[in-house]
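# Overview (structure and organization)
Listed below, chain by chain, are the residues.
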Amino acid sequence: MNTLTLDRHPAAPAAAASTAPLLGLRGVAHSFGGLQVLRGVNLQVPAGRITGLIGPNGSGKTTCFNIVSGFLRPRAGQVVFDGRDIAAHSVQQRSRAGLVRTFQTPQVFEQMTVLENLMVGCYKATRTGVLQAMLNTPAARAERDAMRVSAETTCRRFGLEALRDARAGSLPAGQRRVLELARACIGAPRLLLLDEPSSGLNSEEIELLRAWILTLNREGLTILLVSHDMGLMTSCDQVHVLYFGEIISSGAMAAVQADPRVCEAYLGV
């Protein structure tokens, strides 16, 4: 009989981080018209851990992810980040609080260079406004210089230095994904939401992505990972399984792997 393999990769760090939740969904429900997509979803993302969310197509993963990141507001329930209900907060407010997401298709500014894309990631931390930037005031120039330094440092850190002046639209999918990841991390987020990050990547690019996920987590970044790629999901400390809008299994990977409800949801056995 087929099995769902969710064993943790041997290179992954030991789970020594705090178990206190940085993010929690409490009774989150959502519907589109008369279609109930999420039904009282409860899950936690412990600080310093990699948490996975999996489920078959149509299970509600995208809706759940969009509610966490602020692109949708739940019909019911709470989205608690660092002890505060942020269900009514905008995407921008969540970003400033340290909650940042990537997208299934890497979102880069194609006409900008790699370095310019990274500088964009610094804007939420700026204090000068549009008028000061237009007038090129000393404060605006100082911020722009600081953004460039930060972007150059990030470029080197993510192995993009040789591409710093390349137009982002010319990059292959794997390098676009690394650029998006680097831009998300340049502002030192507290929680990184990765939406199907291996989509469109080949096996070598997926392994590079996996290595970066583990490296960022070792450095203390909390990650919520949504993916169909079971190999990539072995990076996770804990997995939640969503099925027809409900969490049917949560826990350590071995426990999720052994849960007959998960096998039935995925394999119909």
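Right above here is the structure, for reference.
Read on for a plain summary of the structure.

## Some words on the environment of Ile223
- Examined against the element boundaries, Ile223 turns out to sit in strand β8 (residues 222–226).
- Under the relative-accessibility criterion, Ile223 is labelled buried at 0%.
- Note: C-alpha distance between Ile223 and Ile50 (173 residues apart in sequence) is 4.7 Å.
- Aside from chain neighbours lying at most four places away, what touches Ile223 is Val45, Arg49, Ile50, Thr51, Leu191, Leu192, Leu194, Ile213 and Asn217.

## Structural notes on empty space enclosed by the protein
- Scanning the entire structure with this criterion turns up one cavity of 30 Å³ or more.
- Approximately 40 Å³ is the volume attributed to the largest cavity.
- Every residue along the wall of the largest cavity is listed here: Leu23, Leu25, Leu43, Leu53, Cys64, Phe65, Val68 and Leu224.
- When residues of the lining of the largest cavity are traced back to their parent elements, those giving at least two are β1 (21–32) and α1 (61–69).
- Ranked by residue count, the leading element in the lining of the largest cavity is α1, at three residues.
- For the lining of the largest cavity, the residue count by class is eight nonpolar, no polar and no charged.

## Regarding helix α6 (residues 173–185)
- Under the 1.5 Å per step criterion, the end-to-end length of α6 is 18 Å for 13 residues, consistent within 8% with the ideal 18 Å.
- Here α6 lies mainly inside the structure; 11 of its 13 residues are buried.
- Every buried residue of α6 is listed here: Gly174, Arg176, Arg177, Val178, Leu179, Glu180, Leu181, Ala182, Arg183, Ala184 and Cys185.

## Describing helix α7 (residues 203–218)
- Relative to the 22 Å expected for 16 residues at 1.5 Å per residue, α7 spans 23 Å between its end C-alpha atoms, a close match to the ideal helical length.
- Near the N-terminus of α7, the side chain that reaches the backbone nitrogen of Glu204, with its oxygen 3.1 Å away, is that of Asn202.

## Quick notes on the packing of aromatic side chains
- Applying the stated criterion across every chain yields a total of three aromatic pairs.
- Where Phe158 meets Trp212, the ring centres are 4.3 Å apart and the plane angle is 20 degrees; that geometry is what we call stacked. Taken as a pair, Phe158 in the loop between α5 (138–157) and α6 and Trp212 in helix α7 lie far apart in primary sequence, 54 residues in all.
- With relative accessibility at 4%, the residue Phe158 sits in the buried group.
- Take Trp212: its relative accessible area is 13%, and that puts it in the buried class.
- Residue placement shows Arg101 over the ring face of Phe103; its charged tip is 4.2 Å from the ring centre.

## Let's talk about the layout of surface pockets
- Empty space within the largest pocket amounts to approximately 640 Å³.
- Taken together, 23 residues form the lining of the largest pocket, with Ser95, Val100, Arg101, Gly121 and Arg183 sitting closest to its centre.
- Only α2 (91–97), β6 (99–101) and α6 provide two or more residues apiece to the lining of the largest pocket.
- Take the lining of the largest pocket: its biggest share by element is five residues, from α2.
- Across the lining of the largest pocket, the residue classes break down as 10 nonpolar, seven polar and six charged.

## Concerning the pattern of salt bridges
- For the structure shown, the criterion picks out eight salt bridges.
- A salt bridge links Glu110 to Arg176, with the shortest nitrogen-to-oxygen separation between them at 3.1 Å. With Glu110 in the loop between β6 and α3 (114–120) and Arg176 in helix α6, this residue pair connects regions lying 66 residues apart in the sequence.
- Accessibility expressed as a relative area gives 38% for Glu110, which makes it partly exposed.

## Some points on unusual backbone geometry
- The backbone phi angle of Glu196 is positive, close to 45 degrees, even though this residue is not glycine.
- Positionally, Glu196 belongs in the loop between β7 (191–195) and α7.
- Here Glu196 falls in the buried class, since its relative accessible area comes to 8%.
- For Phe244, which is not a glycine, the phi torsion comes out positive at approximately 50 degrees.
- Examined against the element boundaries, Phe244 turns out to sit in the loop between β9 (238–243) and β10 (246–251).

## Section: the nonpolar core
- Core analysis: the biggest nonpolar cluster contains 47 residues, and Phe158, Leu160 and Leu192 have the highest contact counts within it.
- Other than its neighbours up to four places away in sequence, Leu192 contacts Val100, Thr102, Leu181, Ala184, Cys185, Leu221, Thr222, Ile223 and Leu224.
- Grouped together as the second largest cluster of nonpolar side chains are 24 residues, Leu23, Leu25, Leu53 and Val79 included.

The rules behind these values
Residues numbered from 1 in each chain as written. Predicted model: local features only at pLDDT ≥ 70, side-chain atom pairs only at ≥ 80, totals over all residues. Heavy atoms only, no water. Helix = DSSP H or I, 4+ residues; strand = E, 2+ residues; numbered from the N terminus. Buried < 20%, exposed > 50% of the residue type's maximum accessible area, 1.4 Å probe, protein only. Contact = heavy atoms within 4.5 Å. 1 Å grid on protein atoms, 1.4 Å probe; cavity = no way out; pocket = protein on both sides within 12 Å on 5 of 7 lines; lining within 4 Å. Points joined across faces, edges and corners; volume = space filled by probe spheres on them. Nonpolar A, V, L, I, M, F, W, Y, C, P; charged D, E, K, R; others polar. Expected span 1.5 Å × (residues − 1). Polar contact = N/O pair within 3.5 Å; in protein donor to acceptor, adjacent residues only side chain to side chain. Phe/Tyr/Trp six-rings, centres within 6.5 Å; stacked < 30°, edge-to-face > 60°. Lys NZ or Arg CZ within 6 Å of the ring centre and 35° of its normal. Salt bridge = Lys/Arg side-chain N within 4 Å of Asp/Glu carboxyl O. Core = buried A, V, L, I, M, F, W, Y, C linked by side-chain atoms within 4.5 Å.

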